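Chain by chain, the residues run as shown.
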Amino acid sequence: MSDSFEKKVICIFVSSTFIDMEVERDIINNVILNQLREDFAEMNTDIHFIDLRWGINTIDVADTFKRNEKILKVCISEIERCNPYFIGLFGKRYGWTPDNELLYSCILKDDMERCKRFFSNDDISVTALETYYALIKKDFEIDKCFICQRDENVYSRIPSEIRDNYIDTEHKQEIDNFQKRIISYFESQNKSSHLISYGGEWDKLRFKPEESFYEQLYQGLHNAIAKDLNRELSFKNEVERENYYQNVFIERTSRDTIVREQEIRMIETSLDQEESGKILLHAASGQGKSTVLCQLYDRLRGFGKYEGIFYSAAASIKSGSMINLIESFAYRLAVLLGKEYETIEKKYDNRFSTTDFWDYTSLIGKGGTATYHLKETMSYDQQILTRLLKYVSEYRTRFDKQLVFLIDAYDRFEYSSLLHSLEWLNALDVSVIMTTLSEIADSDDFLPQYRKIALPGFTKEEAMQFIKINSNGKELHNNVLHTILDIKDYEGHYAYASPLWLKLIVHVLTSLDITDFHNIAGRTESDKEERIHNYMQDLINQVPTQPGEALLYFINKCETYIGRAFSAEVLQLLAFSEYGLREQDLEKL
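Residues numbered from 1 in each chain as written. Predicted model: local features only at pLDDT ≥ 70, side-chain atom pairs only at ≥ 80, totals over all residues. Heavy atoms only, no water.

Attention now moves to the overall build of the chain. In terms of helices and strands, the chain carries 25 helices and 12 strands. Sorting the 589 residues of the chain into buried and exposed places 52% on the buried side. Long-range pairs, those at least 24 residues apart, make up 78% of the contacts in the chain with a sequence separation of at least 6. Roughly 28,600 Å² of accessible area belongs to the chain as shown, and the carbon and sulfur atoms make up 47% of that amount. (Helix = DSSP H or I, 4+ residues; strand = E, 2+ residues; numbered from the N terminus. Buried < 20%, exposed > 50% of the residue type's maximum accessible area, 1.4 Å probe, protein only. Contact = heavy atoms within 4.5 Å. Areas by Shrake-Rupley, 256 points an atom, 1.4 Å probe, with all protein chains shown as cover.)

This is the structure:
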């Protein structure tokens, strides 16, 4: 099979009125999204839901018409970006109804005329228009569109004090007409399975949908995406599987980030100047070491005087084995040499002892031709290392390029004699660029033959680019942006220098849920957007500036929602698994 599937980004537009559908939107963003991303992670597919409860910055637009025009244009452009994926949530509210002048200023006349065949002479709300507009697009595919409607009996039990938040009596006829037209259209296309009806209960003053809402919508989206991708994983052997995971890791690590051009050029210059060809790139956790190494690999692969081969200990659950790294390098060289890679039977009863290993690496370092031939008396480790040595020698004979082994996350490898000495790398006579934590690299006796380079953090310009890329199409107000960029840690360094801290902050802001919006509604600012922006600034100022401390902060926040005991149990389960547990694993446990 190919090294990895071509990257695909799937965006799904979520349409509804806001205040009455907050719980459903949270389930979509916090539960269904995570499950779908887990389902298709190995397919090199990135999935996003477009939720416009915030993210259209209009507070600085004084003119009311232009302000509304910007909102409507963003809605339309996001539907087009997500096409053909669309979710409509139907309740008993109609939403904002703009006038015709505004509608025709934002939507092409022909598109408006096509929309009118649905809504006739009714006043059209933005929520209804979103659904109509999605249906009339030329490349619309009804198989990727889902309509979710609450059962009528839900509203008979609604608490009286929140009734007005859920039921719009003024536009009852328009709501009924709109929903009947859409449902009839789906039924006429024999797509009743894409109409999801669900009930629920009222938990105090909040609606709680029944499980069928999540189950049906998740399964429908999963099937639609799987059919769209039409991808299946099949591997001849475990080496090919590991190579695939390495390539997916490179794709995912390079996604939603910026190119660290200055840092890459610095490493390339060091590679040219360093006689030993050995470089150790180090930084604190979350500083972007893996990202830079992946970007450097893309730069070196197949161009110029270098040929890069990449391996990360963090790519899969088995990637922390140093012998798997060696075999992966041998596999990649076999591909470059046009060879069919044949796996070697593992003989676990005949492994290297530490003494044997040192003797063997000393032997192959002498370059004796006898060491190029596999022997049945050799252990599995010896055979793999011998094969790698042979392939490196063949490559250097056939190609006028210097091999560069890029090894990511030294600190994540399982301890072994192969890891402890790294003498086998010297015996291969290849250039090496390796990443690890600064606390390891700072030791004077750790790999003294390597040139050690400290990776700097983000600059202000890089941080601004990173925020824009990771905001999922949402527009942060300048005041919110300045708050992020002005925060310093206790040593006086800007917090944005850490890509991990910055990603945590952006994730917090783009993941506001029903609790956040209830807190926002309780603020005293007169303008709704101002309330959102000020609330965001308060959130940012509460998060500690160190990634580790920020993690503890979020754990404590979780405890306030789900309880300390349950949080502790989940964390204990995660601690047992170095690479984490899937949600379905946690459910079973």
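Take the environment of Leu-52 next. Within the element layout of this structure, Leu-52 appears in the loop between β2 (45–50) and α2 (64–82). Taking the C-alpha atoms as reference, Leu-52 lies 9.1 Å from Val-74; in sequence the two are 22 residues apart. Those residues in contact with Leu-52 that sit more than four places away from it in its chain are Phe-13, Phe-18, Arg-25, Val-74, Cys-75, Glu-78 and Lys-474.

This brings us to the sheet that holds strand β3 (residues 86–90). Taken in spatial order, the 5 strands of this open sheet run β2-β1-β3-β4-β5, and their pairing is parallel. This sheet does not close on itself; its edge strands, each paired only once, are β2 and β5 (195–198). Between one strand and the next, the sheet's axes are offset by a mean angle of 20°, whatever the strand orientation. With 6 bridges joining them, strand β1 (residues 8–15) and β2 adopt parallel strand pairing. Each residue of the ladder has a partner; that of Phe-13, found in β2, is Ile-50. Packed onto the sheet, helix α7 (residues 172–188) meets β3, β4 (145–150) and β5 and runs at close to 135° relative to β4. (Pairing = 2+ DSSP bridges. Axes fitted to C-alpha atoms, helices over the stretch in contact; angles between N-to-C directions.)

Turning to the sheet that holds strand β8 (residues 278–283), a few remarks are in order. Within a beta sheet, neighbouring strands are joined by backbone hydrogen bonds and run either parallel or antiparallel to one another. In spatial order, the strands read β9-β10-β11-β8-β12; together these 5 strands make up an open sheet with parallel pairing. For this open sheet the edge positions go to β9 (306–312) and β12 (451–454), each flanked by a neighbour on one side alone. Sheet twist, expressed as the average angle between the axes of neighbouring strands with direction ignored, equals 20°. Packing of helix α11 (residues 289–300) onto the sheet brings it into contact with β8, β9, β10 (402–408) and β11 (431–437), and relative to β10 it is tilted by some 160°.

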